[in-house]
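Given next are the chains, with one letter for each unit.
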Amino acid sequence: MARIAYFGPQGTFTEQAARVLAAGDELVPAETIRLALTAVRHGEADAACVPVENSVEGAVTATLDGLSDADPLVAVAEAILPVHFSVLKRPGTTEIRTVASHPHALAQVRDWLEANLPGATPVASSSTAAAAVGVHAGDFDAAVTAPVAVEHYPLEVVATGVADVSDARTRFLLVRKPGELPEPTGADRTSIVAAAVNRTGTLAELLTELASRGINLTRLDARPTRDNFGEYRFFIDFEGHVAEPRIIDALAALRRRCRNLRFLGSHPRADGIRSTIEPGADNDSFLDATAWVDAVRKGDLA
Ligand SMILES: O=C(O)C(=O)C[C@]1(C(=O)O)C=C[C@@H](O)C=C1
């Protein structure tokens, strides 16, 4: 049985995602995203389940930074879960003055809190479940949590189905040390992090390498390189799999252009959306073009 570290403690949305991505495996909570990733790097876990992007609040920066620093890890699977929160309080609490949660969660219920708990001060916690632990310990009056949290902590439900945006979703990754890649399915996502040299037009040039090969982006985030103020690295997700000739061609071109390029994985998309293939940018066209050049080099064609 594989050992899967997840961003915990028990009762987070990430635990729910881990149950989808690693059904039947041993799930081990880690207090932070960084610790979940470190457990894999140190060989204490075979894989880690971490949140990567939310449809309302955007990138989970701790995951992006955690994947681009230290030893490489690659994503081998993803899950997308709907995100509706429960608000829980300590039994017997009559006045809610503080309400705690993960910053991503608080950002997704701002309107609800303003309308329903206008006097309460929002407080950031390391995860939604950590907020529930804090309420139980008496540190806060209420917590914004995943619906399953109430099964783990002896708290009282104030409200369920709380979400400012009704179809909010979070995407989670299962990451492991580089090794065998998942097979291509035609509905795949590839992720990279690219640091380009800091001069006019470099980001446009990187994106053009993808666009000119008909590769559709699914996400673009920038994070500071940290060593030089004003310099960024770009997290780029796009349709396709590293086993495909069109993607191989694009990655080789990016490798030439980047100061630093890290491959973060190719895996099936949770939503099953198949790659958009532009005319002339299908894999057969790339194979045919390479075969033509080979024939020219051998003197068989001109
Ligand atoms: O705290 C949790 O329950 C998490 O799994 C983290 C997280 C996030 O990072 O976005 C996951 C889903 C929700 O969007 C809120 C919080």
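The structure displayed is predicted, hence computed values, not measured ones.

Participant: Looking at this model, I keep getting lost on the packing of helix α2 (residues 33-41) against helix α3 (residues 61-68). Mind explaining?
Facilitator: Working note: a packed helix pair is described by the angle between its axes plus the distance between those axes. Remark: α2 packs on α3, axes separated minimally by 9 Å, with the N-to-C direction vectors making an angle of 25°. In terms of orientation, α2 and α3 fall into the roughly parallel class. Crossing angle aside, the handedness with which α2 passes α3 is right-handed. On the side of α2, the interface is formed by Ile33, Leu37 and Arg41, while α3 contributes Ala62, Thr63, Gly66 and Leu67. Partitioning the contact of α2 with α3 into residue classes produces four nonpolar, two polar and one charged.

Participant: Help me understand the pattern of salt bridges in this model?
Facilitator: Enumeration over the complete set of coordinates arrives at 26 salt bridges. Salt-bridge contacts for aspartate 237 lead to arginine 219; the nearest nitrogen and oxygen are separated by 3.0 Å. On the criterion of sequence distance, the pair formed by aspartate 237 in strand β14 (residues 232-239) and arginine 219 in strand β13 (residues 217-224) is long-range, its members being 18 residues apart. Residue arginine 219 is classed as buried on the basis of its relative accessible area, which comes to 9%. Salt bridges linked by common partners bring Glu53, Glu78, Arg171, Arg189, Arg219, Asp221 and Asp237 together as one network.

Participant: How should unusual backbone geometry be read in this particular structure?
Facilitator: The phi angle of most residues is negative, glycine excepted, and most peptide bonds adopt the trans form. With an omega dihedral of 10°, the bond running from glycine 8 to proline 9 counts as a cis peptide bond. The phi dihedral of alanine 70 is positive, around 60°, even though this residue is not glycine. Residue position: alanine 70 is located in the loop between α3 and β5 (74-82). Its identity as a non-glycine residue notwithstanding, arginine 226 has a phi of 80°, on the positive side. The topology assignment puts arginine 226 in the loop between β13 and β14. Under the relative-accessibility criterion, arginine 226 is labelled exposed at 53%.

Conventions we followed
- Residues numbered from 1 in each chain as written.
- Predicted model: local features only at pLDDT ≥ 70, side-chain atom pairs only at ≥ 80, totals over all residues.
- Heavy atoms only, no water.
- Axes fitted to C-alpha atoms, helices over the stretch in contact; angles between N-to-C directions.
- Helix = DSSP H or I, 4+ residues; strand = E, 2+ residues; numbered from the N terminus.
- Parallel < 35°, antiparallel > 145°, perpendicular 65-115°, else oblique.
- Left-handed = near helix turned anticlockwise from the far one by under 90°.
- Contact = heavy atoms within 4.5 Å.
- Nonpolar A, V, L, I, M, F, W, Y, C, P; charged D, E, K, R; others polar.
- Salt bridge = Lys/Arg side-chain N within 4 Å of Asp/Glu carboxyl O.
- Buried < 20%, exposed > 50% of the residue type's maximum accessible area, 1.4 Å probe, protein only.

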